Amino acid sequence: MKSVLLHINDDNGQESRLQAALDLVRAQKGHLTCLQVTPVQQYVAMDPFGGSFVLPANLQELRAEEARERSALEERLAKEDVTWDWQHYNGDLVQTLLSVSRLADVTVLTRTMAAPKDVGAPLPIAADVAVHAHGAVLAVPSDLKSFDCCGRAVVAWNGSYEAAHALRSAVALLAKAQEVNIVTIDEDASGFPATDASEYLSRHGIASDLHEWPRKGRAVEETLMHAIDELRGSYLVMGAYGHSRLRETLFGGVTKHLMAECRVPLLLAH
């Protein structure tokens, strides 16, 4: 994971995203790209005749705030022991993140499914980016103090394409883990068994322990969270949205629940 993309936005998840990205870049001896996006479409108004125009006062105020944020963060990054660059674009936030992430190994975003209730709340964009990005997404809690890249890794495995993609995406990170735990949930496995995942990691010189976690009447997501606690996991590697986004939106699902509630960072791939 040499190329780390960080979403820059002045919200109460910014510090945790920045810290996680810095920890990851240091651990991987990689490079940090800071991406700041101005959502110009939010400042475009329509006239009664079908025309459109930009609201200049609001946009100028936003530009000034962005400039102040960039200046403060660049001053801070200059004192960090990492290489970095800054990119700024105008346009749709999710589409811009997807475009810039084409050569990123991982994109660092805030883990949330909640619609922002105030101007300081992080935007719930991690799910959309994870579903459409070709690389991995590291979704971190907004109160995260540091990302323990070398801690205990938990891999959620059910034999799906999504789980396999997440595992492949996480190899460089798992290689530095204190221990790697592959967890399968009763009645949730299909396709390739966990032993295949463990064998795949072994070819990369990564040892792993296999765990079949009993549900005991719990939902899969609740069982996974219990496994994370019991194994003292530092982060969770998992496939994102094995079911359709529409189904999870209507009926709930593992990804949706963990994106809203999980206490540790999620490394996601679809």
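Everything numeric here is computed off the predicted structure, so don't read it as measured data.

Peer 1: Any chance you could break down the state of the cysteines for me, citing the residues and the numbers?
Peer 2: Applying the stated criterion to the full structure yields zero disulfides. Counting only cysteine sulfurs, Cys-150 is the nearest neighbor of Cys-149, a cysteine outside any disulfide, at a range of 6.1 Å.

Peer 1: Which residues make up the sheet that holds strand β7 (residues 136-140), and what values do they have?
Peer 2: Overall, mixed pairing links the ten strands, which are arranged β5-β2-β1-β6-β7-β12-β11-β8-β9-β10 in an open sheet. Unpaired on one side and paired on the other, β5 (83-90) and β10 (209-213) mark the two borders of the sheet. Mean inter-strand twist for the sheet, computed between neighbouring axes without regard to direction, equals 25 degrees. For strand β11 (residues 235-239) and strand β12 (residues 266-269), the ladder comprises four bridges, and the chain directions are parallel. Across the sheet, Leu-236 pairs through a bridge with Leu-266, a residue of β12. Sitting on the sheet, helix α3 (residues 93-100) touches β1 (3-8), β2 (31-38), β5 and β6 (106-110), and the angle it makes with β2 is about 155 degrees. Lying on the sheet, helix α8 (residues 220-231) is in contact with β8 (152-156), β9 (179-185), β10 and β11; it crosses β9 at an angle near 155 degrees.

Peer 1: Describe α3, naming the residues involved and giving the relevant values.
Peer 2: The buried fraction of α3 is high, at six of eight residues. Taken together, the buried positions of α3 are Leu-93, Val-94, Thr-96, Leu-97, Leu-98 and Val-100. In this structure, the buried side of α3 is in contact with β1, β2, β5, β6 and α4 (126-132). Of the residues that open α3, the one with a side-chain oxygen 3.3 Å from the backbone nitrogen of Val-94 is Asp-92.

Peer 1: Before we move on, could you go through the pairing of β11 and cite the residues and values that matter?
Peer 2: Most of β11 sits out of view: five of its five residues are buried. Covered by surrounding structure in β11 are Tyr-235, Val-237 and Gly-239 together with Leu-236 and Met-238, the residues of both alternating faces. Note that β8 and β11 share three bridges and pair parallel. Residue pairing in the sheet places Ala-153 in a bridge with Tyr-235 of β11.

Peer 1: Requested: an account of the side chain of Thr-96, with residues and values cited.
Peer 2: Structurally, Thr-96 can be placed in helix α3. Those residues in contact with Thr-96, other than ones at most four positions away along the chain, are Leu-35, Val-37, Tyr-89 and Gly-91.

Peer 1: Pulling in residues and values, what's your account of the side chain of His-7?
Peer 2: Position of His-7 relative to the elements: it lies in strand β1. Here His-7 falls in the buried class, since its relative accessible area comes to 4%.

Peer 1: A description of the environment of Cys-262 should follow, citing residues and the corresponding values.
Peer 2: For Cys-262, the position within the fold is in the loop between α10 (254-261) and β12. In the structure, Cys-262 is positioned 26 residues away from Leu-236 in sequence and 9.1 Å away in space, judged by C-alpha atoms.

Peer 1: Explain the nonpolar core to me, using residue names and the numbers behind them.
Peer 2: Counting residues in each nonpolar core, the largest one holds 46 residues, and the members touching the most others are Leu-24, Leu-32, Phe-147, Leu-174 and Leu-267. Broken down by element, the residue count for this core peaks at seven residues, all from helix α1 (residues 14-28). Excluding anything up to four places from it in sequence, Leu-267 contacts Met-1, Val-106, Ala-136, Val-137, Leu-138, Ala-170, Leu-173, Leu-236, Val-237 and Met-238.

Peer 1: I'd like a rundown of the packing of aromatic side chains, residues and numbers included.
Peer 2: Inspection of every chain in the model, using the stated rule, returns one aromatic pair. Centre to centre, the rings of Phe-147 and Tyr-235 are 5.6 Å apart; their planes meet at 70 degrees, and the pair counts as edge-to-face. Taken together, the residues Phe-147 in the loop between β7 and β8 and Tyr-235 in strand β11 connect sequence positions 88 residues apart. The class for Phe-147 is buried, based on a relative accessible area of 4%. Looking at Tyr-235, the relative accessible area reads 0%, which means it is buried.

What counts as what
- Residues numbered from 1 in each chain as written.
- Predicted model: local features only at pLDDT ≥ 70, side-chain atom pairs only at ≥ 80, totals over all residues.
- Heavy atoms only, no water.
- Disulfide = S-S within 2.5 Å.
- Pairing = 2+ DSSP bridges.
- Helix = DSSP H or I, 4+ residues; strand = E, 2+ residues; numbered from the N terminus.
- Axes fitted to C-alpha atoms, helices over the stretch in contact; angles between N-to-C directions.
- Contact = heavy atoms within 4.5 Å.
- Buried < 20%, exposed > 50% of the residue type's maximum accessible area, 1.4 Å probe, protein only.
- Polar contact = N/O pair within 3.5 Å; in protein donor to acceptor, adjacent residues only side chain to side chain.
- Core = buried A, V, L, I, M, F, W, Y, C linked by side-chain atoms within 4.5 Å.
- Phe/Tyr/Trp six-rings, centres within 6.5 Å; stacked < 30°, edge-to-face > 60°.

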